[in-house]
Structures are given as structure tokens and as C-alpha cells.
Amino acid sequence: MAILQARRELLIGGEWVRTTGRLEVHDPATGEVLADIADATAQEALQAVGAAHDAFGSWSQTSARQRAEILRRSFEIMTAEIEDCARLICLENGKAWGDALGEATYAAEFFRWFSEEACRIAGDFRYAPNGDKTIIVDHRPMGVAYMITPWNFPAAMATRKLAPALAAGCTAVLKPAAETPLTALWVADVVQRAGAPAGVVNVVTTSQAGPVSEAVLADPRTATLSFTGSTYVGKLLLGQTARRVLPSSMELGGNAPLIVLEGTDVGRAVEGAMVAKMRNGGSACTAANRMYVHESVAENFSEQLQTALASLRIGPGIDRTNDLGAMVSLKERDKVLDLVAAAEGEGAQAVAVSQAPVSGAFLAPRVVRGVEHGSVLTRSEIFGPVAPIVTFSDTDEAVRMANDTEYGLISYVFARDNGQGIEVARRLESGMVAVNRGVASDPAAPFGGMKESGLGREGGFAGIHEFLETQYFAVDL
Ligand code: NAP
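Residues numbered from 1 in each chain as written. Predicted model: local features only at pLDDT ≥ 70, side-chain atom pairs only at ≥ 80, totals over all residues. Heavy atoms only, no water.

Undergrad: Residue-level account of the overall build of the protein chain, with values.
TA: Helices and strands together make up the secondary structure of the protein chain, namely 14 helices and 20 strands. In terms of overall size, the protein chain behaves like a compact globule, its C-alpha atoms giving a radius of gyration of 23 Å where 477 residues would be expected to give roughly 23 Å. When the 477 residues of the protein chain are sorted by exposure, 59% land in the buried category. At a minimum sequence separation of 6, the contacts of the protein chain that also span at least 24 residues come to 73%. With 42 positive and 57 negative side-chain charges, the protein chain shows a separation of 3 Å between the mean positions of the two kinds. (Helix = DSSP H or I, 4+ residues; strand = E, 2+ residues; numbered from the N terminus. Rg over C-alpha atoms; globule rule 2.2 N^0.38 Å. Buried < 20%, exposed > 50% of the residue type's maximum accessible area, 1.4 Å probe, protein only. Contact = heavy atoms within 4.5 Å. Lys, Arg positive; Asp, Glu negative; His and termini not counted. Charge placed at Lys NZ, Arg CZ, Asp CG, Glu CD.)

Following this line, the structure appears as C-alpha cells:
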């Protein structure tokens, strides 16, 4: 398989820097090596921090309009080359072509949205209530932003951080996941071609995420951390950022409930559940992880869901006729199979609805019935194409079960109408709720979680503020 001319080296201070250490990137659909790329040491990562720090002085002084236009050009280049981006995502992540193209498009939109937001950073002016001074509130860029992204959305998680950081006037050091670094390198190249000055965006690929990140976070030139990944790693990193009281934006794990209420149109709920469960083959922090279905529609819902899942064509994502690609690695696939086996051990019944190719990290979707709330599948982030169904008889019970988790990223509610849906949505402890639809993500909306699903918000009007400090001037005018 011919691999695109993706960059393979570290991006430091506008130069592509070759390292002695190398890291292999694999295609999970075939197991083939796609590329060997730079494997940075902590010392090399600190050079990237230095380059970002050197660039910050002049970048933070550029006009908002200048920054906006570089971001707008990034959006335009990315849109013109969207299939190249989708192809890289398919190859290194394994996901289906439709998912990859959807992700690439969503990723490009963050450049467009934040090119608009760059010019709308508002301050505040008011008189103190006692009349003794005026209060002027300003927002200024924090400095060097360190960004760590996961493998499941290699383009969108990078642009969701880079775009607001650059719009705010910060410079960036991006560390993508070791499984999917090629897409992030491609995105950084787009921003370079759009005219970002040297050192504004730096990329460090490494097989040593722990020591490299610890060194970067301990460095006084690093001003903020923006992390997307598991709650486990997020907590480790919060321990490190606490030592320097470093601002930390955390987009962490999820355990999304999907509730189907009595009286819901089952066909519409299944259509929504397919998107909520199967976007990215189930490897999404937003994936519907546990389905709570009212007993009056549970049988019908399970059967229709099984039929819809069985109709998915499984195979390499790069073949555009396939609906479900490979998981990112055999290790991730086996983790999901272990969870299914544990659920069966608890007495649940898992049905594989189709056959997956035998070689490559493929997994046929499964519907799991007879699942009890509190059992392994309702407690764990499954991250694969497995749909556990729990039945309930009373809405209060469904709300209680939905909230009975340390996570709080997103929930889905399918109801008779939007009024009934919103009434239940207001009782759910999650940062986002999709009502009568299977997807909520939008660059113009605040993405983020409550409880152990995170701190802060990305996208929307809030996203840029993760990279801005607030400064207040007390003045006698
Ligand atoms: P992960 O293991 O936490 O890894 C995420 C990133 O952290 C990767 O770049 C990884 O590098 C790095 N990392 C791992 N250990 C580290 C350490 N000790 N110090 C610093 N960095 C470290 O998560 P994942 O398995 O890639 O992604 C899946 C998780 O991400 C799920 O829990 C999912 O819910 C969550 N997620 C959340 C959102 C959201 O917006 N809330 C979006 C997408 C995914 P290596 O690749 O080199 O290990």
C-alpha cells in the first residue's frame, strides 16, 4: 500500500528534525508497517518547548486578524486535501472510510470556527459598585501549550487544541498518540503551509510518552497542558501539573448511557443508537456504552439494533465500500473480547451479529442481552462495537442507573418528543446530552465532561479561554 508523503520527523522551530531513535507505525487492518518516524527523547522534546517559547513573544503580539487568516487558510488547505487526511486516518487508525472522512471534515471545521473566534476575544469594562474605581478585564495568551492527543480521533483531537491555542496567541508543542502520529504530522504541515511562523506549532512523536511529558510539564517555559485521553492518564498528569499549579484542560474517558423511554419511536431510536454506538467503530469517548431500554420496547429495539448491526460490511477502511473498519490494534480488540467474555461469565448473552475478517484487528459487532446494571459492561469503557442492553420499567430508575458512574461526558435520550427528552436530559449528570439524536459533537458547541470525564471545555465560545489568562486592571478613570 503506497503511503502518502506524510512527514515523519519532529517539527521543531519550523524545521523537520530527524532523530536517531525510530518508531514504527502499523496499519491495523493488515499489520503492515506504514512508516518509521522520529522517536523523540525528553531532551528533544525540550528543544521543541524552547522553539515554542522563542516564537511566543512575536506570535502573541500578532493581530487577531493575522492569526485568524492563518487559521482560515489552514481550513481551506485541509478542505482541499480532505481525502489525503482521511486516507492517513484510515491507514494508521483502521477506521472505515466514511468515519475517516467525517473526522477529517470535523477536524477542519475547528480551524474555521477558531479563525472566527480569534477576532472575538472580548474583555470587560465596568464601574466598581462603590464607585471608587473602574474595573478593566483583559484576556491574554498563556504561553507555550503542551497538547497530548489519543489515537481514536488523530486529526480532530489535534485541531480541537491547535486551532483555539493559535487563535488565542499561544504557541504549541503537540504530542500525538504513538499509534497514530502520521495524521498529526500532516495537520502540522498544513498549518505550516498556511503561513504559521516557525516555532508556533511543534510536534514531538515518541514511544516514551511518560518521561517525555514529565520533562515538558516540569519545564518552567511550559504554561499550560491540554490533554485528551483516558481518565487514568489524566489523573497521573494532574499530579504532575499540580507541582507547578499549571492550568490543565482535561478531556477524559466516558461511559455514556443511552436511554430509550417508553413511547419512543423504536425505528428512530435504533437509527440514533447506531450512530451513537458505531461512530468510529465504537472507539469513541462519546460512544453509547450502556443502553437502558424501557421494557415495553426492549425486545423490538434489540431485534432492530441487531439487524442494523448485521448489515454493516466489515473490512479495511481504505476500501470505501466497508462500513466498519479495523480496531486500532490487536491489543485493543482483545481488551474488548475480554470484556465480552467477562460479561458472559456473569450470565449475559452476547451475540456476534456477523463475521469479521480473520486477519487484522477486526471485530464483529455484538449485542449483549441479559445485562444487569452494575455488571462489568456497564462499569467499563468498552471502546468497541459491543452494545449491552439493560431493561428498566420506570424513568426514575433509568436516570439513577445512568448517573451511577464516576464518568459524566455525554448521555443520549430517546423520547416520545423533545419535551419529554429534555425533562430527562436535565436530570443527567453529563456535560453533554443528545436528545433524540445520535451525535452531539460540533465545533461551535462546548465539548467536555462533568465528574471524572474532565475539566474545561473544547470548542464553542469556551474553547479559546482554555488558552487565555484573565488579567484585571484597577484604574481610577
Ligand atoms: P491514553 O492511554 O490515556 O493515551 C492518550 C495519550 O496520552 C496518548 O498520546 C498517550 O501516548 C499519552 N500517554 C499515555 N501515558 C502517558 C503518560 N504516563 N504521560 C503522558 N502521556 C501519556 O488514552 P487512549 O487509549 O489513547 O485513548 C482512549 C481514551 O481517550 C479513552 O478513555 C477515551 O474516552 C478518551 N478520549 C476522550 C475524549 C474526550 O474528548 N473526552 C476524546 C477522545 C478520547 P502513547 O500513545 O504514546 O501511549
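Undergrad: Tell me about the pairing of strand β17 (residues 410–414), and please be specific about residues and values.
TA: In terms of burial, β17 is largely enclosed, as five of its five residues are buried. Pairing between β17 and strand β18 (residues 432–435): four bridges, direction parallel. From the neighbouring strand, S411 faces β18, where its bridge partner is V433. Note that the unit made of β17, helix α14 (residues 418–425) and β18 has a crossover that is right-handed. (Pairing = 2+ DSSP bridges. Right-handed = clockwise from strand over helix to strand, strands pointing away.)

Undergrad: Outline the packing of aromatic side chains, supporting the account with residue identities and numerical values.
TA: One pair of aromatic rings is described through two measures. These are the centre distance and the angle between the planes. In this structure the tally under the stated criterion is four aromatic pairs. Residues W113 and F461 carry aromatic rings whose centres are separated by 5.7 Å and whose planes lie at 45 degrees to one another, so their mutual orientation is tilted. Within this pair, whereas W113 is found in helix α4 (residues 97–117), its partner F461 is found in the loop between β19 (454–455) and β20 (468–475), the two being separated by 348 residues in sequence. Of the residues examined, W113 reaches a relative accessible area of 15% and is grouped as buried. Judged by its relative accessible area of 59%, F461 falls in the exposed class. (Phe/Tyr/Trp six-rings, centres within 6.5 Å; stacked < 30°, edge-to-face > 60°.)

Undergrad: Outline the nonpolar core, supporting the account with residue identities and numerical values.
TA: Core analysis: the largest hydrophobic core is formed by 108 residues, its most contacted members being M78, L258, M291, F301, L305 and Y412. Formed by 26 residues, the second largest nonpolar core is a distinct cluster that contains L261, Y292, A348 and V368. (Core = buried A, V, L, I, M, F, W, Y, C linked by side-chain atoms within 4.5 Å.)

Undergrad: Requested: an account of helix α6 (residues 181–193), with residues and values cited.
TA: Under the 1.5 Å per step criterion, the end-to-end length of α6 is 19 Å for 13 residues, consistent within 8% with the ideal 18 Å. Within α6, the full set of buried residues consists of P181, L182, T183, A184, L185, W186, V187, A188, D189, V190, V191 and Q192. G195 occupies a position one or two residues after α6 and carries a positive phi of about 110 degrees. (Expected span 1.5 Å × (residues − 1).)

Undergrad: Quick one: what's the story with the site of the ligand, residue by residue and with numbers?
TA: Within the structure, the ligand sits among 30 residues, and T149, R160, S230, L252 and E381 are positioned closest to it. A distance of 3.1 Å separates an oxygen atom of the ligand from a polar side-chain atom of W151. Contact between the ligand and R160: an oxygen atom at 2.7 Å from a side-chain N or O atom of the residue. Here the ligand, which alone exposes 910 Å², has 86% of that area covered by the protein. (Near = heavy atom within 4 Å. Polar contact = N/O pair within 3.5 Å; in protein donor to acceptor, adjacent residues only side chain to side chain. Areas by Shrake-Rupley, 256 points an atom, 1.4 Å probe, with all protein chains shown as cover.)

Undergrad: Residues and numbers for the sheet that holds β20, please.
TA: Here three strands make up an open sheet; going across it, the order is β5-β6-β20 and the pairing antiparallel. Strands at the two margins of the open sheet, each flanked by one partner only, are β5 (124–127) and β20. Between one strand axis and the next, the sheet turns by 20 degrees as a mean value, whatever way the strands run. (Axes fitted to C-alpha atoms, helices over the stretch in contact; angles between N-to-C directions.)

Undergrad: Talk me through a nonpolar patch on the surface; I want residue IDs and the actual numbers.
TA: Where nonpolar side chains cluster on the molecular surface, the patch consists of F125, Y127 and L477 and spans about 410 Å² of accessible area. Counting through the fold element by element, Y127 comes out in strand β5. (Patch = residues over 30% accessible without salt bridge, like charges linked within 9 Å, V, L, I, M, F, W, Y side chains within 5 Å. Salt bridge = Lys/Arg side-chain N within 4 Å of Asp/Glu carboxyl O.)

Undergrad: For the domain arrangement of the protein chain, give the residues involved together with the corresponding values.
TA: Under the domain assignment, the protein chain is made up of domain 1 (3–252 + 453–475) and domain 2 (256–443). Taken together, the 29 residues of domain 1 in the interface contact 32 residues of domain 2. A buried area of about 2300 Å², summed over both sides, lies between domain 1 and domain 2, and 58% of it is on carbon and sulfur atoms. The largest share of the area that domain 1 buries against domain 2 comes from W97, W151 and S453, three residues that together contribute 24% of it. The tally of links between domain 1 and domain 2 comes to one salt bridge. The shortest N-O distance in the salt bridge between E83 and R320 comes to 3.0 Å. At the surface where domain 1 touches domain 2, the tally comes to 11 residue pairs in polar contact (both at pLDDT 80 or more). Elements with a minimum of two residues in the side of domain 1 that touches domain 2: α3 (82–93) and α4. (Domains from an automatic or database assignment. Buried area = accessible area lost by both parts, 1.4 Å probe.)

Undergrad: Requested: an account of the sheet that holds strand β16 (residues 386–392), with residues and values cited.
TA: Strands belonging to one sheet form pairs held by backbone hydrogen bonds; the direction of such a pair is parallel or antiparallel. The sheet built from seven strands is open, its strands ordered β14-β15-β16-β13-β12-β17-β18 with mixed pairing. One side of each edge strand has no neighbouring strand; the edge strands of this open sheet are β14 (349–352) and β18. Ignoring which end each strand starts from, the neighbouring axes of this sheet average 20 degrees apart.

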